[in-house]
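Residue-level structural notes
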Amino acid sequence: MRIHIIAVGKRMPSWVTSGYEEYARRMPRHCDIQLHEINAGHRGKNADLARINRDEGERLLAAIPAGARVIALERSGRSKTTENLATALDGWMLEGRDAAFLIGGPEGLSQACQQRADEIWSLSGMTMAHPVVRVVLAEQLYRAWSIHAGLPYHRGDE
């Protein structure tokens, strides 16, 4: 199974790249995380943000692998615990079905992305900068896998 993180933005600060890579490289081959970066629209003075958001959404949707379960990440989505994610990960691995997480740009995900999603999740009730979401998601995926594998990394309420 593969986990696809499909995110708006290509030139991330080095701390974002290194943070993401730290957790992605810890994942086993049978539960690989792959990052797909989508070009962000140009946000200059008087930019048409609604059009930019729609265009970014189209590029995100085009990058979803065939047959993948799609999870849109939005602040207004359904809250999940790490344990919920670990349970979902177990199910996805049993199904052998890939998962694709969509991360929007500064304006969030387009309506089309949200409508296409099988589920809409929230990582936090707080608004996060979209580059931070990559790092948090990669860490949480590794944490969920460590629960699945019985590793001591997770020291939650279990």
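See the structure printed just above.
Presented here is a report on the structure given in the accompanying data block.

Basis of the calculations
- Residues numbered from 1 in each chain as written.
- Predicted model: local features only at pLDDT ≥ 70, side-chain atom pairs only at ≥ 80, totals over all residues.
- Heavy atoms only, no water.
- Helix = DSSP H or I, 4+ residues; strand = E, 2+ residues; numbered from the N terminus.
- Rg over C-alpha atoms; globule rule 2.2 N^0.38 Å.
- Buried < 20%, exposed > 50% of the residue type's maximum accessible area, 1.4 Å probe, protein only.
- Pairing = 2+ DSSP bridges.
- Right-handed = clockwise from strand over helix to strand, strands pointing away.
- Core = buried A, V, L, I, M, F, W, Y, C linked by side-chain atoms within 4.5 Å.
- Contact = heavy atoms within 4.5 Å.
- Polar contact = N/O pair within 3.5 Å; in protein donor to acceptor, adjacent residues only side chain to side chain.
- Arc of directions from axis to C-beta.

**Overview of the overall build of the chain**
A tally of regular secondary structure across the chain gives five helices and five strands. Start at the N end of the chain and walk to the C end: the helices and strands fall as β-α-β-α-β-α-β-α-β-α. The globule rule puts the C-alpha radius of gyration for 158 residues at 15 Å, and the 15 Å found for the chain is close to it. The principal-axis extent of the C-alpha atoms belonging to the chain is close to 50 × 30 × 30 Å. Buried residues in the chain amount to 47% of all 158 residues.

**Some words on the pairing of strand S2 (residues 32-38)**
Pairing of strand S1 (residues 2-8) with S2, which is carried by seven bridges, proceeds in the parallel orientation. Along S2, the bridge assignment pairs His4 with Gln34. In terms of handedness, the path from S1 via helix H1 (residues 14-24) over to S2 forms a crossover that is right-handed.

**Observations concerning the nonpolar core**
Counting residues in each nonpolar core, the largest one holds 30 residues, and the members touching the most others are Ile3, Leu89, Trp92 and Phe101. Of the residues forming this core, the biggest block, eight residues, is contributed by helix H5 (residues 130-149). Leaving out residues up to four positions away in the same chain, Trp92 has contacts with Met1, Arg69, Ile71, Leu85, Arg97, Ala99, Phe101 and Trp121. Val8, Ile64, Ala68 and Ala100 belong to the second largest nonpolar core, which has 13 residues in total.

**Observations regarding the environment of Arg25**
Structurally, Arg25 can be placed in the loop between H1 and S2. Judged by its relative accessible area of 60%, Arg25 is exposed. Expressed as a C-alpha distance, the spacing of Arg25 and Tyr142, which sit 117 residues apart in the sequence, is 9.4 Å. A polar contact of 2.6 Å, which involves the side chain of Arg25, links it to the side chain of Glu22.

**What about H1?**
Listed as buried for H1 are Val16, Gly19, Tyr20, Tyr23 and Ala24. The arc that holds every buried residue of H1, seen down its axis, measures 130 degrees, which confines them to one face.

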